[in-house]
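Overview (structure and organization)
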Number of protein chains: 2
Amino acid sequence: MSYKYVYLFSEGNGSMRELLGGKGANLAEMTNLGMPVPQGFTVTTEACTRYYEDGRQIAPEIQAEILEYLGKMEEIAGKKFGDAANPLLVSVRSGARASMPGMMDTILNLGLNDTVVEGLAKLTNNPRFAYDSYRRFIQMFSDVVMELPKSNFEKIIDEMKEAKGVKMDTELDADDMKAMVVRFKEYYKQEKGVDFPTDPKEQLMEAVRAVFRSWDNPRANVYRRLNDIPYSWGTAVNVQMMVFGNTGDTSGTGVAFTRNPATGEAKLFGEFLMNAQGEDVVAGIRTPQTIDQLKNVMPEVYEQFATTADRLEKHYRDMQDMEFTIENGKLYMLQTRNGKRTAAAALKIAVDLVDEGMITEEEAVMRVEPKQLDSLLHPQFEATALKAAKVIGKGLAASPGAACGRVVFTAEDAKEWDARGEKVILARLETSPEDIEGMNVAQGILTVRGGMTSHAAVVARGMGTCCVSGCGEIAMHEEEKYFELGGMTIREGDYISIDGSTGNIYGEAVPTVEATISGDFGRYMAWADAARTLKVYTNADTPRDAAQAVKFGAQGIGLCRTEHMFFEADRIKAIREMIVSETVEARKAALAKLLPYQQGDFEALYEVMQDRPVTIRYLDPPLHEFLPTKEEDIAEIAGELNITVEKLKQVIASLHEFNPMMGHRGCRLAVSYPEIAEMQTTAVINAAINVNKAHPEYKIVPEIMIPLVGERKELKYVKDVVTATADKLIADAGIEMTYKVGTMVEIPRAAVTADEIAKEAEFFSFGTNDLTQMTFGFSRDDAGKFLDSYYDAKIYESDPFAKLDQDGVGKLIKLAVRLGRETRPDIKLGICGEHGGDPSSIEFCHNAGLNYVSCSPFRVPIARLAAAQAAIKAKKA
Amino acid sequence: MSYKYVYLFSEGNGSMRELLGGKGANLAEMTNLGMPVPQGFTVTTEACTRYYEDGRQIAPEIQAEILEYLGKMEEIAGKKFGDAANPLLVSVRSGARASMPGMMDTILNLGLNDTVVEGLAKLTNNPRFAYDSYRRFIQMFSDVVMELPKSNFEKIIDEMKEAKGVKMDTELDADDMKAMVVRFKEYYKQEKGVDFPTDPKEQLMEAVRAVFRSWDNPRANVYRRLNDIPYSWGTAVNVQMMVFGNTGDTSGTGVAFTRNPATGEAKLFGEFLMNAQGEDVVAGIRTPQTIDQLKNVMPEVYEQFATTADRLEKHYRDMQDMEFTIENGKLYMLQTRNGKRTAAAALKIAVDLVDEGMITEEEAVMRVEPKQLDSLLHPQFEATALKAAKVIGKGLAASPGAACGRVVFTAEDAKEWDARGEKVILARLETSPEDIEGMNVAQGILTVRGGMTSHAAVVARGMGTCCVSGCGEIAMHEEEKYFELGGMTIREGDYISIDGSTGNIYGEAVPTVEATISGDFGRYMAWADAARTLKVYTNADTPRDAAQAVKFGAQGIGLCRTEHMFFEADRIKAIREMIVSETVEARKAALAKLLPYQQGDFEALYEVMQDRPVTIRYLDPPLHEFLPTKEEDIAEIAGELNITVEKLKQVIASLHEFNPMMGHRGCRLAVSYPEIAEMQTTAVINAAINVNKAHPEYKIVPEIMIPLVGERKELKYVKDVVTATADKLIADAGIEMTYKVGTMVEIPRAAVTADEIAKEAEFFSFGTNDLTQMTFGFSRDDAGKFLDSYYDAKIYESDPFAKLDQDGVGKLIKLAVRLGRETRPDIKLGICGEHGGDPSSIEFCHNAGLNYVSCSPFRVPIARLAAAQAAIKAKKA
């Protein structure tokens, strides 16, 4: 045997996580530390990979190696597998590199059969314990390995209790358990057509196979996608000698954390049950005792456990989550790992560990998942109310936070209801830019259509408003103002609650609690800021968003979408006038009406941002987005515009596009209608001049960003319009003011010709939403229909619109960075797509050498932390 | 003066075409050869570029230099500019590097004013001549330099003739001419508000300025775009001493070719007019004499001209197009250039020159414009009938050739009318795949919507059928079966004629003549084949197209679009059944119905192609293309499919896409529905097995092409389905057969990850239609709306869908070639987009190191010649 696929716990150590999985590595480490760990072995992650390579077969040599190690285990334990006189029983558990709840559960008591159970009964002098263990094993094995639903076994138990006239499992005696085993086995045979396996080695091999198989089950695949865990990693399998917490009153089992995982308080936290196996703690039939009470029950064991816990925390230099069992008064440690914790706890623990001298500030920065910060910034459901609430449906977790309110079905209604003091949830088939004011006042937004990057999702994230999008299960009747979901009919005014962090929808009011930011937050974020080199800007279109972002630490605006300013009622009319204009003069007249609004918007932004950079993107969407689509609106708006309905319809038809994503938008509008760029430049420059006059200390340097450029001459054409306009205004004002003109790099041709484009552009901002669409050749609005097949087939493991595709899109970005800097070494480089708020994408940006990332205001703290972690990781590497 | 912007003819030579333009360089060359050329100077193309750089100003130093050279010219001529006693008159003509009809015409007789004309009258003792020259000059200068319409001057002439009661210009005497000058100048002042310029130097400078300005007029810009001439080249200006063909009976003027430009016959060909200026020859008021007749009129001059012509042809080693003037019995050469010629003449001349030992075979290969070959392959209008026909409208020249027939408005009607022996033109708003059979029988296709790459255009080119697309002027009433255009109403059954090489539409029958391929063709193409290294494949979906392509020299099929096979009536039902299937089983059952058709199609293709490679692309279009859109069709088809109308509408709605170009199509279909790829593989392999059984000598190696791949794993997923299916069929048949699996590289991500993709792909075929769309980020269906602004602004100078964008798309192709070969050195690389038939794009493909280009059958000869020219050019460089 040339290759080693199995390790005894004593052969491994804590650094071998890749090979042994987290659980296996930690069991090995505890073993090495001389802690009381029931012995066993780990089948490596490489064996799992090999299993898949071999067409879902465990190769004979690996099977042989497993049995060889089983032999070694028998020697250590002084017991024998399948030996009725002195039986070795084992647990089998999955254990991937990262903890993965989607995978196989534990199987306990493996090694029992009709003979061994008799021996166990004699040996322990406890037939009820023996048969209880046996029936539990059959149940778990059937469920987890053979996929027979657990509930069917529960049904048999219920029937037996009814027949006997009892309520609790504990009221069943040894004979009942024996009878239960017989019924379980009958049921198994009836379903599977074969007898329940009696050979313990066969049981073991089946269990190992089941763990490997569970790596590829749908739950695991979804979990991996959501948590960026590569499919290629595989899982290890841990086979460990059973110890029993259910042998009597000096036995028990429990779980505990070295610190409180909810608050971070530095005090042992956990619970235990005497005379019980692990699953009983979870099942909640008996109420467990708190870990403190163990002090009274078994003071010495408590002392030993507390010391071990302390030692583990110091050893791992992090809060530990431990499982333990007491067998006849003796403590066994079954697992330790860095404990999951809430954001608040994570912050407190990190800060405390620094104060305790256990870790450095940089290490502390690495200890909080950036995405976790979300929950500190948004309202959450009140925990006990949430437990009682019933989920009636699930959509996409499009914008985090929790919201509760009365349902309305139009943006108009949202505004009206809000005005009279009602909290509302705006439910729509899908939102459009015209809904913006209604979205603004809603507690939360719920849509039937659209993905993570739909209009609703993007706008909601920008506002920090909770949003659940794309809940296709909803049967929506917008006109009639009701929808059906999960068997309920929800009408206008009914209370619902939605959770934008999970996608859950509740058909009732679930109270929320406000976000609270503790004092640790500022201290912690200062450490992060000290570590990072990437600047963090924000995408903000309004003074409100900008102020919010500044409060969260934004260092500038990386993307101000000017078109969002155009949808307000008084402005959209002028835009529409512009669109239906037939001459340049008429177009200029319409634009002149917009100018004061636009200039006022920019002035307000400059007031908020002071001398932080403000990057203003020129008009981007196709013009048809500003025109009505419904028959009745067309009639009304034609009237407003003082043109015939036919004429308006003609304009709408002439603006129709087969592929609007690839149509007449972005700088293409400014090439066709340079007067738009003229007006926007006038607004930008005049606003800067005015605010600078009032606050000479700001020294505003406007940054003008031309979208959708694909060719140097195209940028130059628009830039010439900008500079001619700006230079004249500045000269007329008789002041000194500089400004920058740059571009979005969001279409592939811009990336491959970045050396040329950099001749005109003083900065690049990577628009990775569009760049991802064009590079993959699929639109985010349409990809939803087939991306699921792609996840199922493991072609893509994550949503490229959420996590930057480093192999494809990233290659284009790196190319553009290199070419851009060749032409203009001091070119300013940033990113303003959705990816600017995604930690793994931010790490890419750091490594690609960008100067800044820009994200929605509520993502700013996340981005600051992610940027810090990226810098620390890069320094280490 | 540090930089030289002006050259005397005697300072230049024939190789200075870039600097002096074609006309200037050839005048210099003839001067050096000692030929009788009226002396003069050339203002360089660099002066033109400088003019634009300086904001459309002729820099003072250039003006000074022009006047300096005017002085040198006066010295040489012994005459003085503006000197009434001995006046120098000049012609001013534009002259770009390549001949450009879009630009400024000639201005003759410049240097005349009220004083000089008197002098000229005295000097020549011919007042009528002098005033006729003067009025011509005023007319030309006003028209060409000052943009006063020529027709308004003609009106004045007509009024004068009417007043005098005469019909011919020649009936007007010297006094009439004098009066005409007065009237012309009055009109000029009335329109321009200033007097006609009297200073000859001012006249000259205005004329030079007008030439520079004309470089940027709309006609010139369009011409450049159509002929791939860069804007940056600029034009030169030639100022030449006037000689007069209109001084009397021993004077004259003419144009001649050293060989017949229509047939290529090796015999002087041309015409002349005695006592006339150049413009009279063109104006056609008097009928010119053939050049042969000059032998009788002025034998010595003829002899001198014939000798000169012969010398020029030998000197330039190509057929010459010359202008000459005889002034008082003395011959002057005004211009020579390589003559434009028809395709037939080009071929004959090239072959004759080889046979005469004047050029090599390789040089001959360089002498025919590949695009010209088109006219040898398609019917053309009968020349005299064409002259008499009236153009009623113009669309895009979408597929070359001429067609005449009776108009029908539906594909159904086309089939019916054809069946009863009528020749038809199919006129449609736009065509769709369902029209394919009607298109197939039509003489020509006319559409209102759609560009050069619309469905109609692509399919027509594939069929070699004449097509005029995108004639937006047509008011189409499809339902009522008539359309209006150019003031005419064309009803079903009316005769029209269309010219797919010019886009012209005629409201009458214009007889056509069949294409004739002379014996020279085969000999010539053999020389081309010997020179080229690129293979030429064809895009063909039917045995008919394939056979046509083989006749034209195709070496394989580079793209067989399987979906085109699905639109026939009996097949589309099965496709629709597949689309509405709700289970894999139902889908497989529907696919099973398609299998025999598909297999039969492939068998027929293999029979035609024998052992030439056949590349079969798997299903590509989004499924909604197969479903009806009209209410009445939906009802009918729901009935056929035996489902409810509501259900069918549901399916249609579920397949709706916002951006179909970036939606669920290409290999994405095979990922979602692997059974489609299974069926197609079964058809491909079974067909190959069957045909190989019948013809063991063919040794068919099917090439299976997976479209729209963006990621290695995606290709592998589909390839696994293909190989599993194919290997089993081959094993079951008990034969030996190999096949290849490759992919289209048509989305940017495929290009940037080509090293990865090449691990799975045995060949790449660049799908440059889609690659262009994705790289530029605009769809060809929508770009029409703004590309005109881009051409006007000189941002793009050619249509990237017609001529490959080498700077952007080309960079991605080169990257993919490099990466692909790094992984798989022997990977087969080709192109199958529209660009595969475009000569400049073919040159790029040669230089990028591709193995083949694939184009529609009627483009195959063009591609063969273009590939040969590319190879020869590359060898030289």
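Residues numbered from 1 in each chain as written. Chains lettered and ligands numbered in written order. Predicted model: local features only at pLDDT ≥ 70, side-chain atom pairs only at ≥ 80, totals over all residues. Heavy atoms only, no water.

**Let's talk about the UniProt feature "domain: Pyruvate phosphate dikinase AMP/ATP-binding" (unreviewed entry) in chain A**
- When the UniProt feature table is mapped onto this chain numbering, "domain: Pyruvate phosphate dikinase AMP/ATP-binding" (unreviewed entry) sits at residues 58-292 and 303-352 of chain A.
- Annotated as 48% helix and 34% strand, the span residues 303-352 of chain A places its first and last C-alpha atoms 24 Å apart. (UniProt positions renumbered as here; feature names shortened; annotations may be inferred. Helix = DSSP H or I, 4+ residues; strand = E, 2+ residues; numbered from the N terminus.)

**Details of the interface of chain A and chain B**
- Taken together, the contact pairs 51 residues of chain A with 50 residues of chain B.
- For the chain A and chain B pair, buried surface summed over both sides reaches about 4,200 Å², with 57% attributable to carbon and sulfur atoms.
- Where chain A touches chain B, the interface holds six salt bridges.
- Between Arg749(B) and Asp805(A) there is a salt bridge, with its nearest N and O atoms 2.7 Å apart.
- Linking chain A with chain B are 26 residue pairs in polar contact (both at pLDDT 80 or more), by the criterion used here.
- Looking at the side of chain A that touches chain B, the elements that each hand over two or more residues are helix H25 (645-655), helix H26 (667-672), helix H28 (712-733), helix H29 (748-752), helix H31 (768-776), helix H32 (780-792) and helix H33 (809-823) of chain A.
- The greatest single-element share of the side of chain A that touches chain B, amounting to six residues, is contributed by H32(A). (Contact = heavy atoms within 4.5 Å. Buried area = accessible area lost by both parts, 1.4 Å probe. Salt bridge = Lys/Arg side-chain N within 4 Å of Asp/Glu carboxyl O. Polar contact = N/O pair within 3.5 Å; in protein donor to acceptor, adjacent residues only side chain to side chain.)

**Some thoughts on the relation of the copies chain A and chain B**
- In the superposition of chain A on chain B (RMSD 0.1 Å, axial shift 0.2 Å), the rotation amounts to 180°. Each copy turns onto its partner about a two-fold axis. Minimal C-alpha distance to the rotation axis in chain A is attained by Asn659(A), lying at 2.2 Å.
- In this assembly the copies share their binding face: 98% of the residues contributing to the interface of chain A also contribute to that of chain B. (Least-squares fit on C-alpha atoms with pLDDT ≥ 70 in both.)

**Some thoughts on the domain arrangement of chain A**
- As far as domains go, chain A holds domain 1 (6-242), domain 2 (243-345), domain 3 (375-513) and domain 4 (534-622 + 657-876).
- Taking the mean C-alpha position of each, domain 2 of chain A and domain 3 of chain A sit 40 Å from one another. (Domains from an automatic or database assignment.)

**Observations regarding helix H34 (residues 839-848) of chain A**
Residue and element names in this part refer to chain A.
- Most of H34 sits out of view: eight of its 10 residues are buried.
- Residues of H34 that are buried include every one of Pro839, Ser840, Ser841, Ile842, Phe844, Cys845, His846 and Ala848, and no others.
- One or two steps after H34, the chain reaches glycine 849, where phi turns positive at roughly 85°. (Buried < 20%, exposed > 50% of the residue type's maximum accessible area, 1.4 Å probe, protein only.)

**A closer look at the UniProt feature "active site" (unreviewed entry) in chain A**
All names here are of chain A.
- Under the present numbering, the feature "active site" (unreviewed entry) in UniProt falls on His455 and Cys832.
- If you trace the backbone, histidine 455 turns up in helix H19 (residues 455-463).
- Not counting residues up to four positions away in its chain, the partners in contact with histidine 455 are Thr431, Ser432, Pro433 and Met439.
- Structurally, cysteine 832 can be placed in the loop between strand E32 (828-831) and H34.
- With near-sequence residues (within four places) excluded, cysteine 832 lies in contact with Asn539, Gly558, Leu559, Met705, Met744, Ser765, Phe766, Gly767 and Ser854.

**Description of the environment of Gly82(A)**
Residues and elements named next belong to chain A.
- Among the secondary structure elements, glycine 82 is positioned in the loop between strand E3 (80-81) and strand E4 (87-88).
- Once the C-alpha coordinates of glycine 82 and leucine 110 are considered, the two residues, 28 residues apart in sequence, prove to be 9.7 Å apart.
- Look past the residues within four positions of glycine 82 in its chain and what remains in contact with it is Val116 and Pro200.

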